[in-house]
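Structure assessment
Letter by letter, the chains look like this.
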There are 4 protein chains.
Amino acid sequence: MGYELRAAIVGATGYGGVELIRLLQAHPYVRITSVISTSSAGAAIAEGFPHLHEIVVGVLDELDIDLIAGKADLVFLATPAGVSSELSPKLLAAGLKVIDLSGDFRLKSPEVYEQWYKRKPASQEYLDLAVYGLCEAFGEDVRGADFISNPGCYATSALLGLIPAVKAGWIDPSTIIIDAKSGVSGAGRAVSLGVHYAEVNENFSAYKVNKHQHIPEIEQTLGRIAGQEIMTTFTTHLVPMTRGIMCTTYASVIGERSEEQFIDLYKQYYEGRRFVRVRPQGKWPATKEVSGSNFCDIGFAVDERTGRVTIISVIDNVVKGAAGQAIQNLNLMMGWDETTGLLFAPVYP
Amino acid sequence: MGYELRAAIVGATGYGGVELIRLLQAHPYVRITSVISTSSAGAAIAEGFPHLHEIVVGVLDELDIDLIAGKADLVFLATPAGVSSELSPKLLAAGLKVIDLSGDFRLKSPEVYEQWYKRKPASQEYLDLAVYGLCEAFGEDVRGADFISNPGCYATSALLGLIPAVKAGWIDPSTIIIDAKSGVSGAGRAVSLGVHYAEVNENFSAYKVNKHQHIPEIEQTLGRIAGQEIMTTFTTHLVPMTRGIMCTTYASVIGERSEEQFIDLYKQYYEGRRFVRVRPQGKWPATKEVSGSNFCDIGFAVDERTGRVTIISVIDNVVKGAAGQAIQNLNLMMGWDETTGLLFAPVYP
Amino acid sequence: MGYELRAAIVGATGYGGVELIRLLQAHPYVRITSVISTSSAGAAIAEGFPHLHEIVVGVLDELDIDLIAGKADLVFLATPAGVSSELSPKLLAAGLKVIDLSGDFRLKSPEVYEQWYKRKPASQEYLDLAVYGLCEAFGEDVRGADFISNPGCYATSALLGLIPAVKAGWIDPSTIIIDAKSGVSGAGRAVSLGVHYAEVNENFSAYKVNKHQHIPEIEQTLGRIAGQEIMTTFTTHLVPMTRGIMCTTYASVIGERSEEQFIDLYKQYYEGRRFVRVRPQGKWPATKEVSGSNFCDIGFAVDERTGRVTIISVIDNVVKGAAGQAIQNLNLMMGWDETTGLLFAPVYP
Amino acid sequence: MGYELRAAIVGATGYGGVELIRLLQAHPYVRITSVISTSSAGAAIAEGFPHLHEIVVGVLDELDIDLIAGKADLVFLATPAGVSSELSPKLLAAGLKVIDLSGDFRLKSPEVYEQWYKRKPASQEYLDLAVYGLCEAFGEDVRGADFISNPGCYATSALLGLIPAVKAGWIDPSTIIIDAKSGVSGAGRAVSLGVHYAEVNENFSAYKVNKHQHIPEIEQTLGRIAGQEIMTTFTTHLVPMTRGIMCTTYASVIGERSEEQFIDLYKQYYEGRRFVRVRPQGKWPATKEVSGSNFCDIGFAVDERTGRVTIISVIDNVVKGAAGQAIQNLNLMMGWDETTGLLFAPVYP
C-alpha cells in the first residue's frame, strides 16, 4: 500500500510498550524500526519477552535522539512519569512526531501536576502544545497534530462513561462518584510486594483513595466539557485479574431521564465511533467482553427510587487505556481511518 | 466440659452449610448430630465434600422434623430462599431453636419481601418473631432468643460499615451509595454459566444493579437505626475470587469530621466487640485480611475537597457473612462468649 | 483480493466455535456466511456473546444441510462428540468441504473409538476418508483434501513435542510418560460442578487418569510415525486458568543426546513451519507465552543422571488446540500460506 | 492444662513464619513469646501483616541469642537458606530446642548440599545431629529430640506418596518420575518478576527442571527407606494459585498390583497417622481438599496397559509443607499427641 510510517518505541520493557509491539505488528501502515530501553540496550527484544520469540528479532536500542531521528518518523513514549517531560521537547525538536503514554503532559497546569504527581512538571510551553488524545471526544484536535498526550487508563474509562451526560447537562456534576476497579497490569511491570501473586490473588483491595493522579485529569476534562469546574470522588481498587478496568459511576439525574434516553444520548454522541459500544437496556458490560481489544463498552441503570444513574464503562487498560488508544491517536494524526489495524474482536473467554 | 449442644444442619451441600460443618468441628460446646440434605439423603457426607474425608464420617439424613427433634437441640437452616419460611415454624413448634441463614425472615414486611424476592413471604407472625441477628448492632435482642434470622452477606458488610455513622448523624442518609463487590462463593454452589470458571476468571462484572434483595434489608436496618426511612443506591459486582466482600460506601459528611474522628466513633461503637476491627488512619482493609475468619475490618477516607467520607468494610462472605455469624448468634443465644470457637486468625496468604 | 471463501460454523455457542468467529473475522480470504446453533437458532449471535456486540450482527441459523449448502463452501464443525459422525457425510455429500473439530473422525478404528469414547463410531468409510490435520506432521495430506479431522488439544501439544524424537528413534517409545495440564476452557462451555469457579479456583486437580480419549489419538499417531505400536502413560490435570495446555513429557534417551542436539533435531524437523517455536537451551516455554496465538513452543531438559529427556510443549488450547489449527488446515486445504490470518503475536500479559 | 511451652519464631515476615503465628495461636500448649525479624525489629508485628491486627499485639524482636534464650524454650527458624546453618548451633548451645524450616540441615552430606544449594554447608556434626522430621516416616526419631530439620514442601508431598511403595518393594526405584506442581506461596514473599501477578496469573510454567534442591532430599530419604541408592526425575511447575502442591508420581509396578492393593498397603503403613488420608479407589485428591490444613491426601491409578502406577499426593505447602509439619514435629518432640492444635478441617471452597 505504499506508505509506511517508521515508528520507534521508548520504554518497551513495560506492559504498555510490549503491547505497542503486539499491536503495531498487525498495523498495515506502520513498521517498528527501533525499540529502545535504557536499562537493557543491546539485548534481544525477545529475551525479556519470550512470547515474541521469532516474531520480533531485533535488539534493544539505546536512548539516543539522533539515532531515533535517523530511524523513525514517530516515537511512542511508554516511559514512567517524569521521563517524557524531558524527552519529548528534544524529540519534537529533532522533527519527530511524539505520542506520550505517560502522564507528564496530560495536566495543563504545572502546579496541579506537581501537587498530584509529586514531581517536577514539564514546561508550560509544551504542556500547552500537547494535544490530549481522548479520541472520541477530542479527535478533531488530534488530526494533524505532532504531539499527543495519551489519556490515562482510568481517565479513559471514566471520561467515556461521563462525557455525553455531562455535556448534555443531564447529571448534577457535584454528585459524581466514580468507583473504579483495575486489573494488576495497570500497576506496571516493576516488582513490589503490592503485585506479588500471593498478595493479590484471592484479594480485593482499595488504594490511593482520593489521591490517585487520574483525579485531576478527569476533573480537568470534565470541566472543559462542562465549561465549569467539577470535583469528583474517585476510588481505585485492585482486582485479582491481569487486564481490565471498570468504572461504576454514580450521579444524580437532572430532570427525569430513562435508561432508554441515556442510551440514545450516548449512541448519538458516539455515532460513527466504532470503539465505543453502547449496550442495550438492562445489559451491563463486563471487563472480559473488551479484553485484548480497543473497545470501551457502556451500560446504564437509572434508579427512580433515588433519582440516580449508574453508568458502567469498561476497557482493556493495556489497549484502549494505553497502547490501543495511542495507535488510534496515530491513525487520527496521520489522517487514516481511526480503526486501522485495531478492529479485532476481544479475546473470549 | 459438661455442656454440649446438639446441632443439626439443613442444606449442608451448599457453601454455607459445609462451612458450618468446618466451624462447628472446632466449637468446644457443640456437637453436630445430624446433617440433612433432601437431595442426597443416605450418602456419606464426605462423598460430595472430599475435604471432609475421615473428618466427618456420618451419612446425610432426610428432612424429617421428628427425626431432627429427636437428635438435635438447635437447627441451622442453610437452605435456598423460600424453604425456611415453611420449615422454621414447624421446627420451632417441635421445640427446636432455629438459626435461619436464608433471607426468608430478614424483612419484617411480607409485601417488601414479595417485591424483592419474587416469592411468597413467610407469615407476619413468624416475621415478627424472628430476631435479626446482626450481632454487633442487635446482640442484646439475640440473647435468649429461640429464632434468629442471620443477616445477608452484603448487608452485614454494608451495615457494619454504616451503622455508627448513621446512628451518630454524621452522614447525610440521602447520599449513601454502596458499591459492593463479592467473590463467587456468594452465588452459591448451584451450577450456571454465570459461575463457569472460564466466564468469571479474568473478568469483573456488575449484576442485579439496583435490584439486589439485600437493598431492602440494608434500608430496613438503617431506617431502624436512624429512626427515619432511608433509601440507598447499591451495586453488586462479581470479583474473580472465591471468598470475600468489600463495600466501598460513599456519603456526604454532615459538619466537619476528620478521619481520626470517624475512627474514634467506630472504635467507641464497637468497643468490646472482637470481630470488628477498625483500622488506623490511612489504612484500608483488603478482603484477604479477613479471609477464613469472622472479622469485619473497616477503614475510612475523608475528602475535604468534596465533603464526602469513603468507608471501606470487608468480610469473608462465607464466615462473617454466613456460617461464622450464625455461630456468633448461637453463642449469644446460649449466653456464651460471642467469640467461642470463632477466634482464629485469618488465613494468609 | 478477489477470492473469498464462504464459511459456515456449526456449534458456534461453544468456546471452539466462538474462537473460530474471532479468528475468521481477521482472515483476509474468508467470509462467515452462516453461524449455526441447534439450540439457539433465530437469536442474535452477539446475544450470548456480548463481546461480539456490533462486530457480528447476524442471527444464528438452524441446522439445515440445504441451507448450509446454499450459503457456504466449507463448514467448520465445532460440535460435541457424536454429532459430526452423523453430520459430516451429509455435508460432504452436499458438496461442502468439512473441517471437523470434534473427536469423531480422529481414530481410524471404530472399535477403538467405541472403547474410549463410549459412543457409536462413525462408519469405517468416512473414518478412512478423514485426513488427520496435524499440520506440521501431515500437512502434505491436508493439501487439496475436502474432509479434515482437526486434532485434539492435548494430542496436538503432546504430539508436536514427541514426533521428531520418535521419528528419529532418539527415545525409547516404551518409556513415554506425558503429564498434561490444561486450562478450564478445554472442558467446554457446558455447566457442571467441575467448572464452577469456586471449585476450580485455587485448586489443582487430576482427572480421567489413564482414561482420557486423547490417549488412543496420541498412540495411533506416534505408532504411525514410528511404524510400530506405542503405548503411553498420560495424565490430565486441570489448572486454575482459562487458556493453555502444557505437556511435560518424559522418555529415556537412546544413546547419548545433548539438549543442543534435541534442539537441532526439532529445528530441522519444523523448518519452515512458523507455528512451532523451538526454544534455546535452558529455556522452557510457559503457557502464557503462546496465549491467544497459534504457536506451539517447545523446550528440553536432558538429565545425564537418569538418562531421561524432559520435553515441555505448550499451546493455547482454544487456538492451536482447536480453532487456530482448524484455520491452518483450511489454509493448507485451499493452497494458501498456512499462516494466512493467523500470524499474530500472543497476548501478553 | 498447666504446661505451656514458650516459643520464638525467627524469620516471621515470610509466609512460613506468619503461618506459624496463625497455627500457634490455636495451639493449646504453646505461647509465642518472641517474634524475631532482623530487617524489621521494633515494628509492630501486625504492621506488615494487617490480617493479624488486634490478634498479635507485640513488636518484632531483634535477633539476639541471649534475648531468645531468656524468653523462649524452643525456636522455630523460618529463615532463608544459609542462615540457620550458622544460627542453629548457637541456639542449641544456649539450651534451646530448635525446629529448622529451612533446607540447611536436611541433607546429611555437606558436599551434596553445596552442589545443589550452591552455598556453604553446615558442619557435619550438626548435620548428623539434626533429625529429619518427616513425621509419618521417622516420627520415632523425633520423640525427645532437641533439633529437628523440617522437610521441604515438595519433598514432603513426594515422599509421603512414595515411601510405602518403595519400602514394600512394589515399584522399580529406577523408574520413579515425579511431576510436581506448586502454588506461588512456595516461592516465598521476596519480590521478583517471577512472582509478579501479571506474569503468573493465567500462566503455567516449569522451572529448575532437574535442578531443584529438593531432588537430593527426596533421593536421600528414598535411599534410606530402600537401603539402596535411588535416582529420580523431578520437575517443578508453578501453578497460578497461592497454596497447594500436587505430586503426580509415576513408576513401573513390580509384579501385578491392583489399585485396591496399593490402597491397602498405604492404609496399613499410615495406620494411626491422622494427617495422611488415603483415598478410595477411583478418587484422586485435589489441592483444595487439603487447603489450610495439615493433611496429605493420596490416590492411585494402576494402568494394566503400561504396568505403571500413578500416585497422586497433595498437601498445603504452607501447612503440611512447612508450618503445620513443624508444629507436628513440636508435638512429637514434646510427647504430645501429634495432632494437638492441628486437627482442623481444610478451608473449602
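Everything that follows concerns the structure shown earlier in this document.
All values derive from a computational prediction rather than experimental measurement.

Let us now look at the packing of helix H7 (residues 135–142) of chain B against helix H12 (residues 319–333) of chain B. Residue and element names in this part refer to chain B. Orientation of H7 relative to H12, taken along the N-to-C sense of each, is 35°, at an axis distance of 10 Å. In this structure, the crossing between H7 and H12 has a hand that is right-handed. On H12, the residues that touch Cys-135, Glu-136, Gly-139 and Val-142 of H7 are Lys-320, Gln-325, Gln-328, Asn-329, Leu-332 and Met-333. Looking at the contact of H7 with H12, its residues break down into four nonpolar, four polar and two charged.

Across the boundary between the two partners, chain A contributes 49 residues, which contact 49 residues of chain B. Between chain A and chain B, a total of about 4,000 Å² is buried, with carbon and sulfur atoms accounting for 54% of that surface. If you sort the residues of chain A by the area they bury against chain B, Glu-202, Phe-204 and Arg-305 of chain A come out on top, with a joint share of 18%. The interface formed by chain A and chain B holds four salt bridges in total. Among the salt bridges present, the one from Lys-181 of chain A reaches Asp-179 of chain B, with a minimum N-O distance of 3.1 Å. One can count 30 residue pairs in polar contact (both at pLDDT 80 or more) joining chain A with chain B. Here the side of chain A that touches chain B gets four residues from one element, more than from any other, and that element is strand S7 (residues 177–182) of chain A. For the side of chain A that touches chain B, the residue count by class is 23 nonpolar, 15 polar and 11 charged.

Attention now moves to the packing of helix H8 (residues 153–168) of chain D against helix H10 (residues 214–226) of chain D. All names here are of chain D. In contact at an axis separation of 10 Å, H8 and H10 are set at 25° when each is read in the N-to-C sense. Classified by the angle their axes make, H8 and H10 are roughly parallel. Read as a crossing pair, H8 and H10 show a hand that is right-handed. Residue-level inspection shows Cys-153, Tyr-154, Ala-155, Ala-158, Leu-159, Leu-162, Ile-163, Val-166 and Lys-167 of H8 in contact with H10, the latter providing His-214, Glu-217, Ile-218, Thr-221, Leu-222, Ile-225 and Ala-226.

Screw-axis analysis of chain A against chain B gives a translation of 0.0 Å along the axis, an RMSD of 0.0 Å, and a rotation angle of 180°. Taken together, these values place the two copies in the relation of a two-fold axis. Taking C-alpha positions as reference, the residue of chain A nearest the rotation axis is Pro-240 of chain A, located at 3.2 Å. Taken together, the interface assignments show that 100% of the residues at the interface of chain A recur at the interface of chain B, consistent with an identical surface on both copies.

Let's shift gears to the sheet that holds strand S6 (residues 147–149) of chain A. Where strands meet in a sheet, backbone hydrogen bonds hold them as pairs that are either parallel or antiparallel. Residues and elements named next belong to chain A. Here we have six strands laid out as an open sheet, ordered S2-S1-S3-S4-S6-S5, and parallel in their pairing. Looking at the sheet topology across the chains shown, the edges are occupied by strand S2 (30–36) and strand S5 (131–132). Note: strand S3 (residues 74–77) against strand S4 (residues 97–100), four bridges, orientation parallel. Its bridge partner lying in S4, Phe-76 is registered against Ile-99. Each of strand S1 (5–10), S2 and S3 is contacted by helix H1 (residues 15–25), which is oriented at about 155° to S2, the strand it contacts most.

We now examine helix H7 (residues 135–142) of chain D. Residue and element names in this part refer to chain D. Cys-135, Glu-136, Phe-138, Gly-139 and Val-142 are the residues of H7 that are buried. In an axial view of H7, the angular spread of the buried residues amounts to 165°, which keeps them on one side of the axis. A positive phi of about 80° marks Gly-144, the residue just after H7.

Here is what the cut-offs are and how they apply
- Residues numbered from 1 in each chain as written.
- Chains lettered and ligands numbered in written order.
- Predicted model: local features only at pLDDT ≥ 70, side-chain atom pairs only at ≥ 80, totals over all residues.
- Heavy atoms only, no water.
- Axes fitted to C-alpha atoms, helices over the stretch in contact; angles between N-to-C directions.
- Helix = DSSP H or I, 4+ residues; strand = E, 2+ residues; numbered from the N terminus.
- Left-handed = near helix turned anticlockwise from the far one by under 90°.
- Contact = heavy atoms within 4.5 Å.
- Nonpolar A, V, L, I, M, F, W, Y, C, P; charged D, E, K, R; others polar.
- Buried area = accessible area lost by both parts, 1.4 Å probe.
- Salt bridge = Lys/Arg side-chain N within 4 Å of Asp/Glu carboxyl O.
- Polar contact = N/O pair within 3.5 Å; in protein donor to acceptor, adjacent residues only side chain to side chain.
- Parallel < 35°, antiparallel > 145°, perpendicular 65-115°, else oblique.
- Least-squares fit on C-alpha atoms with pLDDT ≥ 70 in both.
- Pairing = 2+ DSSP bridges.
- Buried < 20%, exposed > 50% of the residue type's maximum accessible area, 1.4 Å probe, protein only.
- Arc of directions from axis to C-beta.

So far we have only geometry, and geometry alone does not tell us how the molecule works.
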